[in-house]
Amino acid sequence: MNRDLPLVIHCYRDIRRLTGLTLPEWDLLIRQGRRAGLLGRLHAMAERAELLDALPEKPACHLTASRVEADRVAGAARWEMGQIAFALQRLWVPVIALKGAAYALSGRFAAEGRAFSDLDILVPRPALEDVEQQLIAHGWLSTHLDEYDQRYYRRWMHEIPPMRHIRRKTNLDIHHGILPETVSRRPDPRLLLDEAIELEALPGVYTLSPVDTWLHSATHLFQEGEFHNGLRDLTDLDLLTREMAGKDGFWDQLVARSQVLNLTRQLYYGLRYTHRLLATPVPEEVLESTAAFAPPQPLKGLMDGLFQRALLPLHSSCDPATGPAARWALYIRSHAIRMPPHLLLPHLAHKAFVTPYRQWREERERARQGGMVPRR
Amino acid sequence: MKLSELTRQALAQALRREGIGLSIGPFSVRLRSRIGYVADSLHRLYADYPLADDHQFHDFHIAVERPRGIRHVISPQALFLVDGEPPFKPLPLNQAYPFFEWGLNWCVAQYAHQFLILHAAVVERDGIAAILPGSPGAGKSTLCASLVARGWRLLSDEMALIPRVTERLVPIPRPVALKNDSIDILKHFAPEQVFGDSFHDTAKGTVAHMKPPAESIRRAGEPAPPRLLIFPRFAKDTEMKLEPLSRGRSFLKAVEYSFNYDFLGADGFRRMDRLISACDCYDFNYPSLEAGLDGLTRLWERTLAAETAP
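In what follows, the accompanying structure is described. (Residues numbered from 1 in each chain as written. Chains lettered and ligands numbered in written order. Predicted model: local features only at pLDDT ≥ 70, side-chain atom pairs only at ≥ 80, totals over all residues. Heavy atoms only, no water.)

## Concerning the sheet that holds strand β6 (residues 197-198) of chain A
Residues and elements named next belong to chain A.
No. 1: Read across the sheet, seven strands follow the order β3-β4-β5-β2-β1-β7-β6 without closing on themselves; strand pairing throughout is mixed. Each edge of the open sheet is held by one strand with a lone partner, namely β3 (140-142) and β6.
No. 2: Sheet topology places strand β1 (residues 95-98) next to strand β7 (residues 205-207); three bridges connect them, and they run parallel. Bridge pairing in β7 places Ala97 opposite Thr207.
No. 3: Contacts from helix α4 (residues 57-88) reach β1, β2 (118-122), β3, β5 (171-175) and β7, with the element oriented near 40 degrees to β2. (Pairing = 2+ DSSP bridges. Helix = DSSP H or I, 4+ residues; strand = E, 2+ residues; numbered from the N terminus. Contact = heavy atoms within 4.5 Å. Axes fitted to C-alpha atoms, helices over the stretch in contact; angles between N-to-C directions.)

If you want it as structure tokens, here you go:
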């Protein structure tokens, strides 16, 4: 990639650059890093490289503060997973932690300094109803009470409407697959469950196998239409790659598994953009062999253009003029690949007209009560 | 250079264009605003603050601006922006200045986890800092403003910042926010002090700010050792009552007033323990401002005498 990369990516690629930054550069780095959700991760990397003492005090405070927050989130996630395991223990179903919670539970470097807000779990589809009942009994309630949303999630999605614990306010997404039911080329979740690994420290709770973890991370990033944490998620993939690539046979397993799971396109995107933006060490022959999984031209060139814009931090200093258009196009794409047009059009129409009207009504009600109202 | 060296007009112009840098306690804040209310209040209340325009690093880039769109023709609004992003919905335009103050509080509570932060007023006299945690209505700001008007140094009317390495409290002096009845009480009690405009019909009722003393701003870089932790409660028609609290009870009560105790884990526990160990802790009920001041002054005298005794 030839265009100038944002400072935060330069520093991520070579953490030793932190010691040579001028104060105006620090000013920019902290702002870009905050927007990208990467400050805690930069702290963890600087700590590993033993650079913390060499950083100027004021900017370093921001790294420290983000790290404190991320550590707290990771600790809370570990504890909360224990609560979920307890709530579900009588069902004897495997509970698979996904994404942030999984990284934290399995002690991956990708967990260090990574802040996240929702817990994600995967459970076998046949057990879904029982799982939901047990969680309700233990204080988790559905947050999307809107009838349309409930129907939409339950009929078409690979998860049920998100739940929130009534007292602890933790958000929980319960998946029964990693891609929506409406996607034709989606992996059979049973294959993921078969390879899952039980955590020693938390019996009954599993994480996906290493290569499945990698593929799920890529699937999540390149299938979803939201990119406000795009760069953070791309660095997840980079760190997973660096951690796993040392194991014998990792690359062969990864490629073979992506074919079994129908996730070859996601593998291609994951390798291409981590390599291009973050200089992730991917062997030349793997890049070559996975090039076959690329979309056909001219789509390939178009996706390059879109992803390489959308994956930059959403900060005025590095968001190109075409950034909003790229994110919009990817948002539409995420829906188009998720649903056939006869389902998609009514859904987008509902989201475009009915939902904003409802939100407007709710907000007007809250505005009457006064005070500082957080923006959605 | 201090903000008072700018005329009202020069300040408004700087705020409109490149913004101004303000040193506020340990933070350097870059502020832009095209809204006249903001310039007016800053000019009056922030006169003694050092400008941080030569700073090359700013902790928070803040703007208070009118939202775009045509809505402002009907009811003008102000938006609080951190580095270009609004964390909150807009408020009515005439609340632009208090919005800045609330927003800056939010920034510190949200992003400054290098400190253990308690929701408390902090004042100091002769090397004895008193922390006054308070729920809304407990009168912490009123007590704080009146102590400051009587010559105590203001460290903060809103948050106690407890750093990692020492127990000394880091000052973050800001205009003292007074609400409803306490505005007139303070204006009557300390007419010599400078007060900002009153802003009516906010979420907290009417709000007005008292300008912090120049001396407190000048000494904003000097941390102070905590010696008293007092939980004030204003209750009319009661006796003044000062009740010593055990360390355990004080610890648990202080945790309730912390913004980020749970974030800091074991480190938060150690810091809180160090703080409580350094302090005498009390529950303090007072029926009137005079009684409150009187009680606190006597407590301060006792603590000072104990401190200086051989």
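Additional details are given in the paragraphs that follow.
## Comments concerning the packing of aromatic side chains
All names here are of chain B.
No. 1: What the rule picks out here adds up to 26 aromatic pairs over all chains.
No. 2: Relative to Phe60, the ring of Phe27 lies with its centre 5.5 Å away and its plane at 45 degrees, an arrangement referred to as tilted. Residue Phe27 is located in strand β2 (residues 27-33), and its partner Phe60 is located in strand β3 (residues 60-65); the two are separated by 33 residues in the primary sequence.
No. 3: Judged by relative accessible area, which is 1%, Phe60 ranks as buried.
No. 4: Their ring planes at 40 degrees and their centres at 5.8 Å tell us that Phe80 and Phe99 sit as a pair that is tilted. Note that Phe80 is positioned in strand β4 (residues 77-82) and Phe99 in helix α3 (residues 96-111), a separation of 19 residues in sequence. (Phe/Tyr/Trp six-rings, centres within 6.5 Å; stacked < 30°, edge-to-face > 60°. Buried < 20%, exposed > 50% of the residue type's maximum accessible area, 1.4 Å probe, protein only.)

## Digging into the environment of A:Val260
No. 1: For A:Val260, the position within the fold is in helix α11 (residues 250-260).
No. 2: What makes A:Val260 partly exposed here is its relative accessible area of 49%.

## Observations regarding the pairing of strand β13 (residues 226-234) of chain B
Residue and element names in this part refer to chain B.
No. 1: Of all nine residues that make up β13, seven are buried, and the element is covered over most of its length.
No. 2: Across three bridges, strand β7 (residues 128-133) lies against β13 in parallel orientation. Directly across from Ile131, in β13, lies its bridge partner Leu229.
No. 3: Relative to strand β15 (residues 280-286), β13 is paired through seven bridges, and the arrangement is parallel. Paired with Phe234 across the bridge in β15 is Tyr286.

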